[in-house]
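Observations on the model geometry
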Amino acid sequence: MPDALTPPKPPLSDGVVTLRPFRADDAPAIAAACQDHEIQRWIPIIPVPYTEADARRFILMTLQAWHDGNSYEFAIADAGTDRYIGSIGLHLGPNERRHAMGYLVAPEARGRGVAVRALRLATRWGFANLAIERLSLWTLPGNVASQKAAEKAGFRFESLARNWELDRDERPIDAVMFSMTPEDLAEAEAAAQTETQAATRGGPTSSAPRVADVPREFHAAGTRVAPFVEIAAIADLAPGSMRRVTMAGLDLLVAWTDDGIVVTDDRCPHMAAPLSIGQLAGCVVSCPLHEGRFDLVSGETVQMPTTGGLDADGRYHSPWSPSGAAPKPEPPSKKLEARRLTRVNRLRYYPARIRDGRLEAQLPILPE
Ligand code: FES
């Protein structure tokens, strides 16, 4: 265990949030935050009900942990008012590869990127002051907001760790594991800097290039451990445009939607028509065949094709006609049966990022 560190002076801050040691007068705000149903749901070790006495005990525990050097706990405070809006801690493990982060954000401070800001400040401080070789972070599987914050701050998804945690009744439950290495931190810092520069140069951030938040459960098979490779120069893309990029044996669709850039297959999830020659409106692409429409950010079907068929959950949808007229009845045939049994699955994504003006994606390694 390294020698105990002292709280940074001045406190860590990015001008929006400040990380400082806890104070006795934080107790009412901590108690209020920890009565939130979402916090109690996703952090099973938090007592229920949570009182100010629990908050005072927690504050004393954090101060003792700083003294002992086994855990560095910060209050996340609003940089303008210094009011408590969350907690973040770096918990030391038995060696440099076993340290871990944990955090929570009070309900009234959510939706403003507080967790990402706090994670960036705390990880930068931790890596600079402790010989960290790997930082872990885990959340419960349904805690998607927390997982998105972790990834945005530079943590990488690793696995579903089975029976990793205990629920309130001490029954084992799964957790989602993320990690960060010094290289991940350097990449995340460079990406954050590029984002800031682009926003400064390009005015509103909505027109600055960024990668859309797509559901991680829809990442294409084999991408999790695949390396990032360059697939396009950002200068060659434009907001609202789509293009096909062929590489590694894959026809990729690169689409710059209203919610950011996505990389998916250039194949309609219905019958494989190239989506790149369809129409993009906002986040929805219209297929050039059969009137199918698909949300490129959520991966969901917005409009089933005229042929009907099965949706992603296996429910049958009847054929329909764009004119509103009833479709012509057809005698039973193999073709009719094939259309009826064709399933329109959700889109699959290639995780992407922007580095130095290049769009990179994780492509599965294909056999030669
Ligand atoms: S191929 Fe796209 S809707 Fe049929």
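Residues numbered from 1 in each chain as written. Predicted model: local features only at pLDDT ≥ 70, side-chain atom pairs only at ≥ 80, totals over all residues.

Re the sheet that holds strand S9 (residues 228-233)
Judged by pairing direction, the sheet is antiparallel, and its three strands sit side by side in the order S9-S20-S19 without closing on themselves. Two strands in the sheet have a free side with no partner beyond their single neighbour: S9 and strand S19 (352-355). Taking the axes of each pair of neighbouring strands and ignoring which way they run, one obtains an average angle of 35° across the sheet. In the sheet, S19 pairs with strand S20 (residues 358-362) via four bridges, with the strands oriented antiparallel. Residue pairing for S20: Arg355 is matched across the bridge by Arg358. (Pairing = 2+ DSSP bridges. Helix = DSSP H or I, 4+ residues; strand = E, 2+ residues; numbered from the N terminus. Axes fitted to C-alpha atoms, helices over the stretch in contact; angles between N-to-C directions.)

Quick word on helix H3 (residues 52-68)
The end-to-end C-alpha distance of H3, which contains 17 residues, comes to 24 Å, matching closely the 24 Å that a straight helix rising 1.5 Å per residue would cover. Where H3 is buried, its residues touch helix H1 (27-33) and strand S3 (71-78). Backbone geometry just after H3 places Gly69 at a positive phi near 75°. (Expected span 1.5 Å × (residues − 1). Contact = placed C-beta atoms within 7 Å.)

A word on the sheet that holds strand S11 (residues 250-257)
With antiparallel pairing, the three strands of this open sheet are ordered in space as S10-S11-S12. Edge positions in the sheet fall to strand S10 (242-247) and strand S12 (260-265), since each of these pairs with one other strand and no more. Pairs of neighbouring strands in the sheet enclose a mean axial angle of 25°, with direction left out of account. Across six bridges, the pairing between S10 and S11 is antiparallel.

Quick look at the pairing of strand S4 (residues 84-91)
The buried count for S4 comes to six of eight residues, which makes it a mostly enclosed element. Counting the residues between successive antiparallel strands, the hairpin from S3 to S4 contains five residues, one of them, Asp82, with a positive phi of roughly 65°. Pairing geometry for S4 and strand S5 (residues 99-105), over six bridges, is antiparallel. If you follow His91 over to S5, its bridge partner there is Ala100. (Buried ≥ 20, exposed ≤ 12 C-beta atoms within 10 Å, placed from the backbone.)

A short note on unusual backbone geometry
Here the amide bond leading from Lys9 into Pro10 is cis, since omega sits at -5°, within 30 degrees of zero. With respect to the helices and strands, the residue Pro10 is situated in the segment before strand S1 (12-13). For the bond running from Val48 to Pro49, omega is -5°, close enough to zero to count as cis. Turning to its location among the elements, Pro49 is positioned in the loop between helix H2 (37-42) and H3. Unlike most non-glycine residues, Ala272 shows phi in positive territory, near 70°.

Overview of helix H5 (residues 144-152)
Each α-helix turn comprises 3.6 residues. Residues three or four places apart therefore point the same way. Listing the buried residues of H5 in full gives Ser146, Gln147, Ala149 and Ala150. The buried side chains of H5 occupy one side of the element, clustering within an arc of 160° when seen end-on. Tucked into the core, H5 has its buried residues touching H2, helix H4 (114-129), strand S6 (135-139) and strand S8 (172-180). Just downstream of H5 lies Gly154, where phi reads positive at about 110°. (Arc of directions from axis to C-beta.)

So, the nonpolar core
Counting 45 residues, the largest nonpolar core has Ile76, Ile88, Met101, Ala115, Ala118, Leu119 and Ala122 as its most contacted members. What Ile88 contacts, discounting residues up to four positions off in sequence, is Leu19, Phe74, Ile76, Met101, Tyr103, Ala118 and Ala122. Residues Val214, Val254, Cys268 and Leu359 belong to the second largest nonpolar core, which totals 26 residues. (Core = buried A, V, L, I, M, F, W, Y, C linked by C-beta atoms within 7 Å.)

Here we look at the pairing of S11
For S11, a buried count of six out of eight residues is recorded, marking the element as mostly surrounded by other parts of the structure. Joining the antiparallel neighbours S10 and S11 is a turn of two residues, in which Ala248 adopts a positive phi near 50°.

Section: the domain arrangement of the protein
Per the domain assignment, the segments making up the protein are domain 1 (12-193) and domain 2 (216-362). Using C-alpha coordinates to define each centre, domain 1 is positioned 36 Å away from domain 2. Contacts between the two partners involve four residues from domain 1, matched on the other side by four residues from domain 2. For the side of domain 1 that touches domain 2, the residue count by class is three nonpolar, one polar and no charged. (Domains from an automatic or database assignment. Nonpolar A, V, L, I, M, F, W, Y, C, P; charged D, E, K, R; others polar.)

What about the environment of Arg210?
Considering the arrangement of structural elements, one finds Arg210 in the loop between helix H6 (182-202) and S9. For the pair Arg210 and Gln303, spaced 93 residues apart in sequence, the C-alpha separation works out to 27 Å.

Brief notes about the environment of Ile354
Relative to the elements of secondary structure, Ile354 occurs in strand S19. For Ile354, a count of 19 C-beta atoms within 10 Å puts it in the partly exposed group. Distance in space between the C-alpha atoms of Ile354 and Val211 is 7.2 Å, their sequence separation being 143 residues.

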